[in-house]
Structure formats: C-alpha cells, structure tokens
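Okay, here's what each chain looks like letter by letter:
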Amino acid sequence: MEIDGSASNSRVISVPTGVSAFDAASWNGIAIDSTCGGYGTCKKCKVKITSGDVPVAKLDMRAFTQAEISAGWRLACLVRTTTDVSIEVPPLTTRPKAATVGVGRQVILRPAVQKRYVELEEPTLHDQRTDIVRVLDAIDDIEATFSLAAMRELPTILRAAHFKVTAVFIDQELIAIEPGDTTGLRYGIAYDLGTTTVVATLLDLNSGTPLAVKSMLNKQQPFGADVITRISATMLDSTALARLRKLAQETLAQLTQEVCDEAKIDPKNVYEVALAGNATMTQLLLGIDPEPLGVAPFIMASADYPDVDATELGLELHPQAKALILPSLGAYVGGDIIAGALASGMDRDKRLRLFIDVGTNCEIILGDGEKILATAAPAGPAFEAASIKCGVRAAAGAIETVKIVEGELVVGTIEDGPAIGICGSGLVDACAVLVQVGLLDHSGKFVSEETATEISPILASRLREREGERVFVLTWGAEIGDLTDCVFLTQRDVRELQFAKAAIATGWALLLEEFEVEERDIQQVLLAGSFGSYLSPSSAIKIGLVPKISVMRIVSAGNVAGEGAKMVLLSAQERHGANALLEEIDYVELSDRQDFNDKFVERLAFPK
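The structure presented is a predicted model; accordingly, all values stated were derived computationally and were not measured.

Definitions and cut-offs
Residues numbered from 1 in each chain as written. Predicted model: local features only at pLDDT ≥ 70, side-chain atom pairs only at ≥ 80, totals over all residues. Heavy atoms only, no water. Helix = DSSP H or I, 4+ residues; strand = E, 2+ residues; numbered from the N terminus. Contact = heavy atoms within 4.5 Å. Pairing = 2+ DSSP bridges. Axes fitted to C-alpha atoms, helices over the stretch in contact; angles between N-to-C directions. Core = buried A, V, L, I, M, F, W, Y, C linked by side-chain atoms within 4.5 Å. Buried < 20%, exposed > 50% of the residue type's maximum accessible area, 1.4 Å probe, protein only. Phe/Tyr/Trp six-rings, centres within 6.5 Å; stacked < 30°, edge-to-face > 60°. Parallel < 35°, antiparallel > 145°, perpendicular 65-115°, else oblique. Left-handed = near helix turned anticlockwise from the far one by under 90°. Disulfide = S-S within 2.5 Å.

A few points about the side chain of S147
Stage number 1. Positionally, S147 belongs in the loop between β7 (145-146) and α5 (148-160).
Stage number 2. Aside from chain neighbours lying at most four places away, what touches S147 is E173, L174 and I175.

Here it is, written out as structure tokens:
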C-alpha cells in the first residue's frame, strides 16, 4: 500500500491483509479526517484511490456521487487491503480557527515559581555551614525545603559561580541552583487541552505578560471527534490508551516548541505549566484508563491530582519543571470548566449568570455568587460540524456566517476564501435565517415548494432535490444552478442541530428549575469556548440554544479555560480558588431526571 499524505509525505506501507486504509495510515502517522474514529458512521475519511482495484461499499454510495466514485473516491475505513493500492489523502486542517483568549479577571501576581539571587560568603574553617544551609540562610522570606536534584548540582554550581547564584523555588521547594543572576528568566505555559483544539500560552511570570500563544488540532483526532469514541477505542484495543497518550503528549510538545521559538526563549527556563482539560482528556494524557468515565455511573479516577512532573506530559522543559492539573467536578464537568468558572468569577459575581461551554459535550453552570449549579448535556458533534453532510472544521473556506440582505442570501467564509463547507457557527446562522424567513417551519422541516415560492421566489430557487434528498443550497458550483461541488444544508443536518440545541436548552432549563428562577431573571449569558466565541448571539436566541433575553446580555467569553489555566500559574491564591470551586458547585445529573426526555422533546422545535 502506498499512501500519499502530502506532497512531502508519501510512503510505501506494508500491512496485513484486511487492515483498513484508515488504520494503516493512523499507525504510520498519516492523519485522515474522521469524527467517528474509523467505524464507518461519519463519512468524513475521504481518500482517493489512484491505482489498484478497490470495490465500492454501500456506504461509499451514500458518501459520494457517482462521478466521485468513478474518480476513485472511497471511505478510508472501508478500504480493506487485499492487493497493492495507492491512496491519496486530502490534507487535514491542523490549525482550525480557535479562540486563544477569553474573559478573565485581574489577579495578584504571586506565582508559585520564585527566584532569589544571592551573593554568599565562601566557606572557611571558621564558617563550615553546609552548602544548603548557606543558601537558605541568605533567603529569609521562604520557609524552604529542598529536592535531591537541587542537592546534586549545588556543590559544583556554587563554586563555579563563585557563590553568586540564583535559587529557584516552586512553592517552598528549592528545585534548582543557577549560576549568576537569572531572576529575569522565569516562565510558565498554560494549556487548554481540548478534545478538538489545544491552545498553549507562554507567560512571563515576572510580569504576568503573555509572550506567545499557539493552537492546533488535537493529534488524537483520528480516534474520533468526541470523548466517547476515544474511550471506546481504549475498550476495543489494548494498545489504544498508550497511543492516545503519546498523541496528546506530541500535541503539547509541538505547541511548547512553537511558543518558545516565537518568544525566543529557552524551554529550560520554563519551570511550571498548568493544564485545563476535561476529565477524559486529562486521564488519557496521564495514561489513566478512561473506561469508567464512559459507562454508568461515570466515575473519575480522581477529582484532583498530586504534583506531577512536566516530563509526565511529554514536555522537555527545565528538568525539575512541575505540572499543575486543574481539578474536575465530575466525569463530564472537567478541569476546563473549573478553569472557566474561575476566570469568569462564577463564585464572585452576584448577578444571576448562565455559563455555557458549547461543544460535543456541553457544560452548563448557573450561579449568583452564592449558589452555583452545574450540569453536562450530550450535545453531539453537530456544533463541530462533524455530523453535517457538508460540515468542515473552522478553517479557511468554511462558511461561518449566513445572512439575508435585501432578500438575497449572503455567506461569509473564514479568510474570505471559496466555500469548501460549513462550520458550526455557519450552521446555526443558516438555520436561524431560514426559520426567520419561513423556509424552515418551527418543527424544523423545509416548507413545500409552493409555500417557499410565496415567501421568497429568490430563496425558493435554492431548495433543490439532490440525490433523492431535499436540500437548501448555500453556495452553487461553477455557476448558479450547478449542484456539483455546491455547499448545501440537508433536512438531516437541520435535525442534527435540533437534537444538539435541544439537549443544551434542556440542560439550562432544568438548572433554572432547580434554582427556582425564570429565563427573564438571567442577567448575563456567557458563551465559552472557541465555538461560543464565533457564534452569533442573535442566531443562538432564534434557534432556542440560549434563553430568550436581550442580545446585549449575551457575551462571547472566549477561551476561558485557557484564562483559568493562566490565572493559576500567575497566582498561588487562585489555585486555592480553583480547589474551593469543587466544594461550592453542586452537580446536577441529567440522566437521573425522569422528566429529561419530555423536556428534551419540548425543546426540539425552533421558538416561535
């Protein structure tokens, strides 16, 4: 089997008969797009057979047009190796559009990493204090302990530096001695380890200033778009946990190198990192079996974690660098949400506020500074556009906005490139405007041709039949009316969005009920995460994703998980605040609610 992953990544691979092209590529480091993990349900793993005989599967017939099949397009998970074949893999978007900053609070700058420069008197026969006592006697503001690693280097460095050295502490532990005055070099890195996107921010711990920020697609992507498919992978394959851990480590290591290169700093001067991730991502990174997270009663290995060496995350920083893992409230309300609650001050603001982190698994918090409730809603992959026929990640060419201007449809794409598909924010916009003009009724069904023509003859021409399916065309092919290579919305796509938004709306509706308040009482809605950053508040209201309140009360909070991770690096006080949130937030389990299904059905329709 020859697989061409890019212009510079073509290789010949030998695999046993019957292995899928998807697995063969994955095993050899060639990423093929997929959201189901190679199980034949998402129809995203599209590859082109350039030589060799590969039969057409039934699923191929649903995923491709006849012209595409004739051109050699197949689903990689269905291509089984029986003879030599050559396969071309479309380039995978590894840098999806992502929020890298978010709503945060000012903190008192007091990082756990501290440095003290001292000029010591050299030992004499009259002053035979030990080296460690000599150092610690000169530092009177830290009740210090010391590590064996620091002791190993202490005698040599003290004498080579003529007893002019910098002592490095994390909390109260002396972890290193450095020659000369290095107090100006003190860095940390905050990570938001998302299921889809990972963000790294390099911080100057002396000033609290971000020096560089980078994001990229989580390299675990070939194992599926959501935590459930990745948990399933570990249950079905005994080697999957180690592979998933390695991919997470590689993602963090690459981002680490990139932020250090951009800021022109030596990674050896990074002494501490903080990581905010959901419970599954965290356990996979640490090599902890995630299976109990995926089956009732959904039990974590631990809510919080002991001190972790940064080497456990696959990072090459200072040899004694530490990693702080933010604690998780539950299996589906993880450290990223604790970080977000910390950054947005859910325990401080006295207004009634609703925090929604929109994603495959949607986390929701409702609080007024005194009482705080949280839950998780299984939204599914619609907002990541994973289950959408023309869905793509938020990258160049993805439709991200849809509007009606003077009766005409106007779409906006990321970087203004030619439309290649539709991402989550575009999907919400499209459904919102179609409901608004009346081409989608409130049950979510496309109206008849006659009704559409009465409402808008111009837009009605975009309602077409494509391969026996009724669709709404967002962009045409080479010319108006050309359905080849067009981007369109199907009836099934609309249903997927309805299921996702109904799950979320049911979640916050039940929290309001528990709180004994009404929608109108909410004073602010925070839309968190990358998707929340680019989602139109008015569209979110129109489809019923968020409460029907003034659009001015809806705030795009951005990457608050990353902001929370930055805060705990910059302030030891905020670390205590993160742990305190575990005690202050009460978790509401939706699967225990007998009325969940009824309320879910009620929320399926688009609001009138």
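As for the sheet that holds strand β25 (residues 524-528)
Stage number 1. With mixed pairing, six strands are arranged side by side in an open sheet as β26-β25-β16-β17-β18-β27. The sheet is open, and its two edges are formed by β26 (554-558) and β27 (585-587), each paired on a single side. Averaged over all neighbouring strand pairs, the angle between strand axes comes to 25°, with direction disregarded.
Stage number 2. In this structure, strand β17 (residues 361-367) lies alongside strand β18 (residues 372-378), joined through seven bridges in antiparallel fashion. Counterpart to I364 in the pairing with β18 is T375.
Stage number 3. Here helix α10 (residues 335-343) sits on the sheet and contacts β16 (353-357), β17 and β27; the angle it forms with β16, its principal contact strand, is near 145°.
Stage number 4. Sheet strands in contact with helix α18 (residues 572-584) are β18 and β27, and its direction is about 50° off that of β27.

Digging into unusual backbone geometry
Stage number 1. A cis geometry characterises the amide bond from A296 onward to P297, with omega recorded as 10°.
Stage number 2. Within the secondary structure, P297 sits in the loop between α9 (291-294) and β14 (308-309).
Stage number 3. Even without glycine at this site, E415 takes up a positive phi of about 65°.
Stage number 4. Looking at the secondary structure, you find E415 in the loop between β20 (408-413) and β21 (421-422).
Stage number 5. Even without a glycine there, the phi angle at E516 is positive, about 60°.
Stage number 6. With respect to the helices, strands and loops of the structure, E516 is situated in the loop between α14 (491-515) and β25.

Side note on the environment of S51
Stage number 1. Tracing the backbone shows S51 in strand β3 (residues 46-51).
Stage number 2. Through-space distance from the C-alpha of S51 to that of L75 is 15 Å; in sequence the pair is 24 residues apart.

Considering the nonpolar core
Stage number 1. Ranked by internal contacts, the top residues of the largest apolar core, which has 84 residues, are I189, L252, V270, V273 and L313.
Stage number 2. Of all hydrophobic cores here, the second largest spans 76 residues; its members include F383, L427, V471 and L545.

Considerations on the sheet that holds β14
Stage number 1. The six strands are arranged β12-β11-β10-β13-β15-β14 in an open sheet whose pairing can be described as mixed. Where the open sheet ends on each side, the last strands, each with one partner, are β12 (209-217) and β14.
Stage number 2. Packing against the sheet, helix α7 (residues 240-263) makes contact with β10 (187-193), β11 (197-204), β12 and β13 (270-277), and its axis sits at approximately 140° to β12.
Stage number 3. Docked against the sheet, helix α17 (residues 560-570) engages β10, β11, β13 and β15 (322-325), running at close to 150° with respect to β10.

Some words on α17
Stage number 1. With 11 of 11 residues buried, α17 lies mostly within the body of the structure.
Stage number 2. Within α17, burial applies to V560, A561, G562, E563, G564, A565, K566, M567, V568, L569 and L570.

A look at the packing of aromatic side chains
Aromatic ring pairs are described here by two measures, namely the spacing of the ring centres and the angle between the planes.
Stage number 1. Summed over all chains, the structure comprises three aromatic pairs.
Stage number 2. Plain terms: the ring middles of F298 and Y332 are 5.9 Å apart, the flat faces sit at 75° to each other, and that makes the pair edge-to-face. You can see F298 sitting in the loop between α9 and β14 and its partner Y332 sitting in the loop between β15 and α10, a full 34 residues away along the chain.
Stage number 3. Overall, the relative accessible area of 27% leaves F298 in the partly exposed class.

Details of the packing of α14 against helix α19 (residues 596-604)
Stage number 1. Put simply, α14 and α19 touch, their axes get as near as 8 Å, and they point 125° apart. As far as their axial angle goes, α19 and α14 are oblique. As for the relative orientation of α14 and α19, their crossing is right-handed in sense. The segment α14 lies against α19, with Q498, F499, K501, A502, A503, A505, T506, W508, A509, L510 and E513 engaging F596, K599, F600, R603 and L604.

A word on the state of the cysteines
Stage number 1. Considering all chains together, one arrives at zero disulfides under this definition.
Stage number 2. Here C77 stays free of any disulfide, with the sulfur of C45 as its closest cysteine sulfur at 3.7 Å.
Stage number 3. Judged by its relative accessible area of 4%, C77 falls in the buried class.
Stage number 4. Lacking any disulfide linkage, C486 is separated from the closest cysteine sulfur, that of C390, by 6.5 Å.
Stage number 5. The exposure class of C486 is buried, given its relative accessible area of 7%.

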